[in-house]
Amino acid sequence: MRLRNGIEIPDIGFGTWNIPYGEDCEKAVFEAIKAGYRHIDTAGAYGNERSVGLGVKAAIREGLIKDRADVFITSKLWNTNRSYNKAFRGFDKSMRNLDLDYIDLYLIHWPANKVRYKNPDEVNAVAWQALEELYEDGRVKAIGVSNFLPHHIEELKKSAKVLPMVNQIELHVGYMQEEIVDYNKKNGIITEGYSPLGTGALLDNAFLIELAEKYQTTVSAICISFLRKRGIIPLPKTTSPDRMSENLRLIRIDEEDMEILNKLPFIGGHAHNPDEVDF
Ligand code: NAP
């Protein structure tokens, strides 16, 4: 897949939320690259960027990939760093921790909202201005947002020079957020789907288990293939090498079953409303 500025983005990424800093995270990233992932999703808030960087370096050292350019790294600006100056500091800290020369994609992790700010639109605009400058200075190859609703992006448009290239939102069977996905598409924004397994909540659903049996595969392979077929970049997380490979398996799903999966009611996941969260 390509972002609006022509940068290539691999159509599936490896999620690292809840993989704590340290050897486990370093190993997970190394194993993910070994399994075939070329796209790693982290964030300042995950506290594991240093381990992500070490995992990538180990993969280069062991010859799994040739160099840094063989992997696409995303990080995110946390909510406590939304002011103009703090945004640069947050970015610099991520750069230092990752220690990988550059970041491919940098996102605003969550939009500011009225729960915490009197003027959330202004706060988002200022944070976005900092990201635009990072992009224009060539410090990051692409910029975007996460958890933004169409109205947040419409507000950004009023002052933005560069529009977000990516919007990373919660997306999975039973929680397809059609309105945001359509809006992203119409605006040339690539949609990434986080928690593609509902942070595990989808895995023991009886209907999905039966469907997986029909395709002689697993619920996770069905859920992740479904998103990829919908043109969404899923970001599954696991620390098990076998599951990493399983999650990369692309299953052909019939149109009829795609339709059913599209329309399933909520099964599990987070379903946070970005306008209402208190963080
Ligand atoms: P997820 O990928 O939906 O699910 C992960 C859970 O499923 C883990 O408990 C994992 O357990 C299990 N699992 C994974 N593959 C499996 C398989 N093949 N068979 C059985 N169990 C399996 O969860 P997520 O971590 O919420 O989301 C993925 C990524 O999205 C995050 O890591 C992060 O990078 C991103 N994210 C972004 C935001 C945001 O605000 N932008 C928010 C949430 C997540 P094991 O590890 O034990 O295998």
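Parameters and conventions
- Position numbers for residues count from 1 along each chain, tracking the sequence in the order it is written.
- Totals for whole chains, interfaces and linings use every residue, but because this is a predicted model, local features are given only for residues with pLDDT of at least 70 and side-chain atom pairs only at 80 or more, for both listing and counting.
- Each side-chain value is derived from all of the structure's non-hydrogen atoms; neither hydrogens nor water enter the calculation.
- Only heavy atoms are used to decide nearness, and a residue is near a molecule or strand if one of them lies within 4 Å of it.
- For this analysis, a polar contact is any N or O atom pair within 3.5 Å, provided that within protein one partner can donate a hydrogen and the other can accept it, and provided that sequence-adjacent residues contribute only side-chain to side-chain pairs.
- Only the protein chains shown count as covering a residue, and every accessible area follows the Shrake-Rupley method with a 1.4 Å probe.
- Helix axes use the C-alpha atoms of the stretch in contact, all axes being lines fitted to C-alpha atoms, and the angles between their N-to-C directions lie in the range 0 to 180 degrees.
- Helix and strand assignments follow DSSP, with helices taken as H or I runs no shorter than four residues and strands as E runs no shorter than two, numbered in order from the N terminus.
- Angles below 35 degrees are treated as roughly parallel, those above 145 as roughly antiparallel, those between 65 and 115 as roughly perpendicular, and all remaining angles as oblique.
- Left-handed describes a crossing whose near helix is turned anticlockwise from the far helix by less than a right angle; the clockwise case is right-handed.
- Any two residues whose heavy atoms approach within 4.5 Å at even a single point are treated as in contact.
- Residues are grouped as follows: Ala, Val, Leu, Ile, Met, Phe, Trp, Tyr, Cys and Pro are nonpolar; Asp, Glu, Lys and Arg are charged; every other residue, Gly included, is polar.
- Paired strands, in this sense, are two strands between which DSSP finds at least two bridges.
- Cavity and pocket criteria rest on a 1 Å grid covering protein atoms alone: a 1.4 Å probe that fits but cannot get out defines a cavity, protein on both sides within 12 Å along at least 5 of 7 lines defines an open pocket, and an atom within 4 Å of a point defines a lining residue.
- Grid points are joined across faces, edges and corners, and a volume is the space filled by probe spheres set on the points.
- Summary of the burial criterion: residues with accessible area below 20% of their type's maximum are buried, those above 50% are exposed, and those between are partly exposed, where the area comes from a 1.4 Å probe applied to protein chains only.
- When the strands point away from the viewer, a crossover counts as right-handed if the route from the first strand across the helix to the second turns clockwise.
- Any helix carries an expected span of 1.5 Å times its number of residues minus one.
- Aromatic pairing here means that ring centres of Phe, Tyr or Trp (its six-membered ring) are within 6.5 Å. Orientation follows from the plane angle: under 30 degrees is stacked, over 60 is edge-to-face, and everything else is tilted.

K.L.:
Would you take a moment to explain the site of the ligand for this structure?
P.N.:
Taken together, 28 residues surround the ligand, and among them Asp41, Ser195, Thr199, Thr238 and Arg243 come closest. Taking serine 195, its side chain carries an N or O atom lying 2.7 Å from an oxygen atom of the ligand. Measuring from an oxygen atom of the ligand, one finds a backbone N or O atom of threonine 239 at 3.2 Å. Protein chains shield 87% of the accessible area of the ligand, which is 900 Å² for the free molecule.

K.L.:
Sorry, what's going on with the packing of helix α3 (residues 84–98) against helix α4 (residues 120–136) here?
P.N.:
Relative placement of two packed helices is described by the angle separating their axes and the distance separating the axes. Interaxial distance between α3 and α4 falls to 8 Å at its minimum, and their mutual angle equals 50°. If you check the angle between α3 and α4, you find them oblique. Here α3 and α4 pass one another in a crossing that is right-handed. Along its contact with α3, which presents Tyr84, Ala87, Phe88 and Phe91, the element α4 presents Val126, Gln129, Ala130, Glu133 and Leu134. The residue inventory of the contact of α3 with α4, partitioned by class, reads seven nonpolar, one polar and one charged.

K.L.:
Can you help me understand the sheet that holds strand β2 (residues 39–41) in this one?
P.N.:
Within a sheet, each strand pairs with its neighbour through backbone hydrogen bonds, oriented either parallel or antiparallel. Read from one edge to the other, the open sheet built from eight strands follows the order β1-β2-β3-β4-β5-β6-β7-β8, with strand pairing classed as parallel. The open sheet has two free edges, formed respectively by β1 (14–15) and β8 (233–234), since each of these has just one partner strand. In terms of strand pairing, strand β5 (residues 140–146) meets strand β6 (residues 166–170) through two bridges, oriented parallel. Bridge pairing in β6 links valine 145 to asparagine 167. Against the sheet, α3 makes contact with β3 (72–77), β4 (103–108) and β5, and its axis sits at roughly 140° relative to β4, the strand it touches most.

K.L.:
Help me understand the layout of surface pockets in this model?
P.N.:
Think of a ball as big as a water molecule: rolled over the atoms, this probe shows where empty space is left. The calculated volume of the largest pocket comes to roughly 710 Å³. Every residue lining the largest pocket is counted, 34 residues in all, and those nearest its centre are Trp17, Asn18, Ser195, Thr199 and Lys237. No other element matches the three residues that helix α9 (residues 241–248) contributes to the lining of the largest pocket. Among the residues forming the lining of the largest pocket, the class breakdown is 12 nonpolar, 17 polar and five charged.

K.L.:
What should I look at first to understand the pairing of β5 in this one?
P.N.:
Each regular strand carries side chains that alternate between the two faces of the sheet. Within β5, six of the seven residues are buried, which leaves it mostly tucked inside the rest of the structure. Across five bridges, β4 lies against β5 in parallel orientation. Within the sheet, the bridge partner assigned to leucine 105 lies in β5 and is alanine 142. Each parallel crossover has a hand, and for β4 linked through α4 to β5 it is right-handed. The parallel pair β5 and β6 is bridged by helix α5 (residues 150–157), and the resulting crossover is right-handed.

K.L.:
What exactly am I supposed to notice about helix α2 (residues 49–61) here?
P.N.:
Quick reminder: α-helices carry 3.6 residues per turn. Residues three or four places apart thus point the same way. Over its 13 residues, α2 runs 18 Å from end to end, which matches the ideal 18 Å to within 8%, given 1.5 Å per residue. Those residues of α2 that fall on the buried side of the exposure criterion are Glu49, Ser51, Val52, Gly53, Gly55, Val56, Ala58 and Ala59. Considering only its buried residues, α2 is in contact with α1 (23–35), β2, β3 and α3.

K.L.:
I would appreciate a short explanation of the packing of aromatic side chains in the present structure.
P.N.:
Any pair of aromatic rings gets described here by the distance separating the centres and the angle formed by the planes. Summed over all chains, the structure comprises six aromatic pairs. Ring centres of tryptophan 78 and phenylalanine 279 lie 6.2 Å apart, and the angle between their planes is 10°; this geometry places the pair in the stacked category. Within this pair, whereas tryptophan 78 is found in the loop between β3 and α3, its partner phenylalanine 279 is found in the segment after α10 (255–263), the two being separated by 201 residues in sequence. A relative accessible area of 31% means that phenylalanine 279 is categorised as partly exposed. Taking the centre distance of 5.0 Å and the plane angle of 80° together, the rings of tyrosine 84 and phenylalanine 88 count as edge-to-face. In this pair, tyrosine 84 and phenylalanine 88 both sit in helix α3, four residues apart, roughly one turn of the helix. For tyrosine 84, a relative accessible area of 29% translates into the label partly exposed. Taking relative accessible area as the criterion, phenylalanine 88 reaches 17% and is therefore assigned buried.

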